[in-house]
Amino acid sequence: MKYILTIPLLLAAAASVRAAFTWQNVKIGGGGGFVPGIVFHPKTKALPMTRSNSGQGVAYARTDIGGLYRLNSDDSWTAVTDSITTDAGWNKWGIDAVALDPSDPNKVYAAVGMYTNSWDPNNGAIIRSSDKGATWSTSSLSFKVGGNMPGRGMGERLAVDPQNSNILYFGARSGNGLWKSTDAGATWAKVSSFTAVGTYIPDASDTSGYNSDKIGLTWITFDSTSSPLNGATSRIFVGTADNTTASVYVSNDAGATWSPVAGQPVKYFPHKGKLQPTEKALYVTYADGAGPYDGTLGAVYRYDIAAGTWKDITPVSGSDLYFGFGGLGVDMQKPGTLVVASLNSWWPDAQLFRSTDSGTTWSKIWDWASYPTQNLYYSISTTKAPWISPFINADTKHLGWMIEALEIDPLDSDHWLYGTGLTLFGGHDLTKWDTVHNVTIQVLADGIEEMSVQDLQSAPSGPELLVAVGDDNGFIFKSSDVLGTSPSTYWQNPTYATSTSVDYAGNKPANVVRVGNAASASVQQIGISADGGATWNIGESNAGGPYGGIVAYSADADTVVWSTSSNGVLRSQYQSTFSAVASLPSGAVIASDKRKNGYFYGGSGATFYVSSDIGVTFSKGGALGSSTSIRDIAAHPTTAGEVWVSTDVGIFKSADFGATFTQVSTALKDTQQIALGLGSGSSWNVYAFGTGSAGNKLYASSDSGATWTDIQGSQGFGSISSCKLAGSANKADQVYVGTNGRGVFYASGAVAGGGSVTTTNKVSSTTSSTTSKVSSTTVSTSKVTSTTTSTTLKSTSTTLTTTARTSSAPTTKTSSAPSSTPTAVAQHWGQCGGIGWTGATLCASGYTCSKQNDYYWQCL
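Residues numbered from 1 in each chain as written. Predicted model: local features only at pLDDT ≥ 70, side-chain atom pairs only at ≥ 80, totals over all residues. Heavy atoms only, no water.

- Per an unreviewed UniProt entry, the protein goes by Glycoside hydrolase family 74 protein and derives from Coniochaeta ligniaria NRRL 30616.
- According to its UniProt record, the protein has this under Sequence similarities (unreviewed entry): "Belongs to the glycosyl hydrolase 74 family." (UniProt positions renumbered as here; feature names shortened; annotations may be inferred.)

Laid out in C-alpha cells, this is it:
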C-alpha cells in the first residue's frame with residue numbers, strides 16, 4: 001500500500017535537523033537484476049580518455065527496478081536517478097525507455113514508472129536532463145508507464161529526432177498510443193494520426209492486471225538518412241505489439257500520416273528495430289512473446305529502405321529454432337556487421353549470432369562438439385563481481401537469459417555490451433569473433449547495484465552485515481573493511497532464488513539462520529550457518545511446506561521461530577521438525593531477545609506478544625497506545641528485555657521484556673522499519689523510517705528517541721515502506737539501508753542529540769548451558785537447474801506492498817523509561833516527565849524540564 005504523506009506540526013525542541021551523511025552503495029557488484037536496455041550516444045565518447053584507454057561511447061543502461069545508470073570511461077557505471085526516487089517518487093526507479101539527443105551528448109531522457117496496474121497508483125512521467133543526469137526535470141503523463149511490466153525489454157519506446165532536438169516521440173502502453181513533444185520533452189500531446197495501439201495481451205485471465213494489460217508500442221526509430229521536412233526527420237518507423245495484420249508502421253511526412261510498412265512479416269512481435277544508415281537498412285528482431293521471460297519462436301528480418309523489400313535473415317531454422325530473438329547490435333563502423341541474441345534459450349545456454357554480410361551468413365558463439373560437449377568460442381571473466389561465477393556455474397546458462405539489450409559501441413567496433421536477467425556482460429575485443437573466433441566476455445556491471453533487499457542484520461562481534469536479497473539469495477560482509485569489495489560467493493546450500501529473512505543468535509552471533517520464499521518440495525527453504533554465514537547447512541524443514549516470511553533465532557542458537565508465508569508461525573528446537581505455534585497469529589512480525597534465551601516477541605494488528613518459554617507459547621504483552629498496526633520489532637543487541645516497536649502512530653519502547661511500553665517522542669509518526677546501531681562510546685543510536693518534520697524519510701536519534709534527525713537528506717531510497725534497515729553493531733554511527741531495487745546503502749555520521757539513554761534493568765548475559773545443535777559441516781551445494789523461477793520473481797518482488805518485515809497489521813513501539821530514583825538527574829535533551837514516566841524528573845544544572853506534550857517532557 002502507499003502511505004499518505006502527513007507532516008505533523010512539531011515543537012522546536014523535537015524538530016528534525018539535517019545531518020551531514022554521505023551515502024554510498026555496499027558493493028555487492030555485478031548488477032544482480034535485469035538490464036533491459038542500453039543506449040549509446042551516436043557521436044560522443046566518455047571522458048576522460050587516457051593513453052591506455054581511447055575512451056568509449058557515452059552510454060546509459062536502464063533497469064526495471066533500479067533506475068538509470070551512466071557509463072564511465074573506465075567501464076564502471078554511475079547511478080543518476082537516485083535524487084528523484086524519494087518515497088513519493090519511488091516508481092521512478094522503473095525505467096521503461098531511454099533516449100539521447102544525437103545533437104547534444106549532455107541531454108538524456110527517460111520514461112519512468114513501475115507498473116500500469118494497481119500496484120502503482122501513480123501515472124508515469126518523462127524525465128529530462130541537460131547535464132548527463134546530474135539534475136532532472138519531470139513532465140507528468142496522463143497515463144501509467146511500466147518499467148517493470150511484461151515487454152519491458154522491447155524498445156526503445158522513446159526517441160529524439162536527429163534533425164530537431166525539440167521533437168521527441170514516445171510509444172505508450174495500455175492502448176494509449178503514440179505521443180509527441182515539440183518542446184524538448186516539456187509537454188506532450190497524443191499523435192491522433194497514429195491509430196495503432198499494440199493490442200497484444202500476454203494473459204487476459206490475469207486478474208492482477210500485470211499480464212492482462214496491452215503491451216502497446218514497442219520501439220521508435222528515426223531514419224536519419226531521409227530528407228528533412230520542415231526541419232524534422234521525414235521518415236519514422238514505429239513498432240507495435242501486434243501480430244495480426246501489421247506491427248511495423250512508417251511515416252514519410254514527419255509524422256503527419258502513417259501506414260503499415262508493405263510486405264512485412266506478421267507472425268511475431270517486433271522487439272528491436274535498428275537502423276544501419278550506411279546500408280540504409282532497418283534490422284528487426286522478432287519473438288512470439290513480449291518477453292522478457294517468454295518467447296519460444298522468432299525471426300530476424302532486414303528491411304531494405306530504398307528497395308522497400310524485406311528479407312528473412314533468421315540465423316537458424318527447424319529444430320534449432322526454439323527461441324525468439326531480442327538483443328540486436330548493429331555496427332555503425334562496419335556496415336553489414338551485426339550481432340543478435342536469443343531472447344530466452346533456457347537450455348543449455350543463450351545463443352549469440354554474428355554476421356558480417358548483412359545477415360546472409362552467421363557464426364555462433366558456441367556450438368555442439370559431440371553432445372553434451374560444447375565448443376565455446378568465448379571466455380567469461382567475473383573479476384568485477386566474483387559471486388557471479390558460482391552462480392552461473394551452478395547452471396548451464398553461462399551466457400545468460402532474457403537478453404533484450406545488446407549494443408555495439410557506435411564509435412568502437414570492439415566494444416560491446418549486453419544485458420541479462422542477472423547482470424551486464426560485454427567486452428573489448430568483439431572483432432576477434434571475425435578472426436580467431438574467440439572473444440573475451442566480462443561482467444561489466446561495476447557500479448550497477450540492482451538488488452531487491454529483503455532483510456539486513458548486523459551482529460555484535462559477528463558478521464558486520466548480512467544481506468538477504470531477491471533472486472540472488474544473499475551475501476555476507478564480515479567487516480566494515482570489505483563493504484567496498486564484491487563478495488566471492490552468494491549464500492549456497494541451500495540455494496534458492498530469494499531469501500526473505502535472516503537472523504543471528506545474540507549470544508552466539510556466528511550462528512545465523514535464513515529462510516527462502518519458494519514453495520518447493522525438493523529444496524528446503526531454511527538454512528543454518530555456524531560461521532557467520534560463510535557456509536551453510538540445510539536446516540530442518542517440513543517437506544514441501546513452509547516458505548517465506550520472517551525468521552527469528554533464539555539468543556543461544558537453539559530455537560528457531562518462523563512466521564511463514566504459507567504455514568502460519570512455526571517453531572523448531574535443536575533442528576527438529578517444525579511444529580505450529582498456535583498462540584501467535586499467522587503473518588505476525590517476530591523477533592528474538594538478543595540476550596535472554598527464553599524470550600521471543602511478536603506483533604499482529606495492534607497486539608504485542610511475548611514468549612518466555614523459547615517460543616512454545618505467546619501471550620499478550622503491554623499496550624501500544626492508539627496504534628492499530630505493528631510494522632517492525634527490534635530487540636536491543638546487547639541489553640536483555642529492551643524492545644522497540646514501530647507502529648502506525650510512532651515508536652514505542654519497553655525495558656521489561658514487552659510487559660509495558662512507553663511511546664517515545666511523537667515527532668516521528670507512521671513509522672516503518674526500525675533498528676538500533678552502535679553509537680558514540682557505549683551508547684546506541686535508534687534509526688527509523690517514518691514521517692517527521694522533513695517528510696517521509698530516514699531519521700536517527702542518539703537520545704533514545706527524544707529527538708530525531710533527518711539523515712537521509714537528498715538520497716533517494718524509493719518507497720520507505722519497502723526499505724530494510726540495520727544499524728551497525730560494530731562500527732559506531734554507521735547505518736545500512738536496503739532498498740527495493742538499488743541494493744544496500746550505508747553512511748556514517750554522528751547524530752545530534754543528548755546521547756543515548758542507557759537502561760538500568762539489564763539482565764545478565766549469562767546464557768543457558770544448552771548448546772546449539774548446529775553442525776558446521778557443509779553438504780553439497782544444491783544445483784540450480786533453471787533460472788526461470790529466479791527471474792520471474794522480479795516482477796512480484798518489486799511491488800509497493802511491503803515485504804517480509806511488515807505484518808498484516810503493523811504495530812507500534814512505546815518506550816518504557818529506565819528505572820530511576822526520584823533524585824536521579826536527566827541530562828540535556830533527556831526525558832524528564834510525561835504520562836507513565838517513572839524516570840528522573842530533575843534536569844542537570846543549567847537545564848529546565850519543559851513539557852513537549854502530555855507524554856514527553858524534555859531537559860532544555
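Okay, back to it.
A word on the sheet that holds strand 37 (residues 474-477)
Moving on, step 1. In spatial order, the strands read 35-36-37; together these three strands make up an open sheet with antiparallel pairing. The sheet is open, and its two borders are formed by strand 35 (453-457) and strand 37, each paired with just one other strand. Across the sheet, the mean angle separating the axes of adjacent strands is 15° when strand polarity is ignored. (Pairing = 2+ DSSP bridges. Helix = DSSP H or I, 4+ residues; strand = E, 2+ residues; numbered from the N terminus. Axes fitted to C-alpha atoms, helices over the stretch in contact; angles between N-to-C directions.)

Description of a nonpolar patch on the surface
Moving on, step 1. A cluster of nonpolar residues, W347, W368 and Y371, forms a patch on the protein surface that exposes about 390 Å² of accessible area.
Moving on, step 2. Within the secondary structure layout, W347 lies in the loop between strand 25 (338-342) and strand 26 (352-355). (Patch = residues over 30% accessible without salt bridge, like charges linked within 9 Å, V, L, I, M, F, W, Y side chains within 5 Å. Areas by Shrake-Rupley, 256 points an atom, 1.4 Å probe, with all protein chains shown as cover. Salt bridge = Lys/Arg side-chain N within 4 Å of Asp/Glu carboxyl O.)

Digging into the sheet that holds strand 42 (residues 550-553)
What links the strands of a sheet is backbone hydrogen bonding, and the strands pair in either a parallel or an antiparallel sense.
Moving on, step 1. Taken in spatial order, the four strands make up an open sheet running 42-43-44-45, and their pairing is antiparallel. Each edge of the open sheet carries a strand with a single partner, namely strand 42 and strand 45 (579-580).
Moving on, step 2. In this structure, strand 43 (residues 559-563) lies alongside strand 44 (residues 569-573), joined through five bridges in antiparallel fashion. If you follow V561 over to strand 44, its bridge partner there is R571.

Remarks on the environment of N511
Moving on, step 1. Assignment of secondary structure puts N511 in strand 39 (residues 508-516).
Moving on, step 2. For N511, a relative accessible area of 10% gives the class buried.
Moving on, step 3. For the pair N511 and S554, spaced 43 residues apart in the sequence, the C-alpha separation amounts to 9.9 Å. (Buried < 20%, exposed > 50% of the residue type's maximum accessible area, 1.4 Å probe, protein only.)

As for unusual backbone geometry
Moving on, step 1. Cis geometry marks the peptide bond from Y371 to P372, where omega comes out at 5°.
Moving on, step 2. Within the secondary structure, P372 is located in the loop between strand 28 (366-368) and strand 29 (374-376).
Moving on, step 3. Of the consecutive residues N493 and P494, the connecting peptide bond is found in the cis state with omega at 10°.
Moving on, step 4. One can find P494 in the loop between strand 37 and strand 38 (499-505).
Moving on, step 5. Backbone geometry at D75 places phi at a positive 80°, although glycine is not the residue there.
Moving on, step 6. In this structure, D75 sits in the loop between strand 4 (68-71) and strand 5 (77-79).
Moving on, step 7. We classify D75 as buried; its relative accessible area is 12%.

Structural notes on the pattern of salt bridges
Moving on, step 1. Here the structure, examined in full by the defined rule, presents 15 salt bridges.
Moving on, step 2. For R302, the salt bridge goes to E279, with nearest N and O atoms at 3.2 Å. Placement of R302 in strand 22 (residues 298-304) and of E279 in the loop between strand 20 (269-276) and strand 21 (281-287) is noted, with a sequence separation of 23 residues between them.
Moving on, step 3. Residue R302 is classed as buried on the basis of its relative accessible area of 15%.
Moving on, step 4. Taking the shortest distance from any N to any O, the salt bridge between D503 and K594 comes out at 2.7 Å. Residue D503 is located in strand 38, and its partner K594 is located in the loop between strand 46 (589-592) and strand 47 (600-604); the two are separated by 91 residues in the primary sequence.
Moving on, step 5. Overall, the relative accessible area of 5% leaves D503 in the buried class.
Moving on, step 6. The class of K594 is buried, set by a relative accessible area of 6%.
Moving on, step 7. Here the salt bridges share partners, and the residues they tie into one network are D96, R157 and R173.

Concerning the environment of G741
Moving on, step 1. Structurally, G741 can be placed in the loop between strand 59 (734-738) and strand 60 (744-748).
Moving on, step 2. Separated by 651 residues in sequence, G741 and W90 place their C-alpha atoms 10.0 Å apart.
Moving on, step 3. Excluding residues within four positions of it along the chain, G741 makes contact with I65, G66, E449, E450, M451 and S452. (Contact = heavy atoms within 4.5 Å.)

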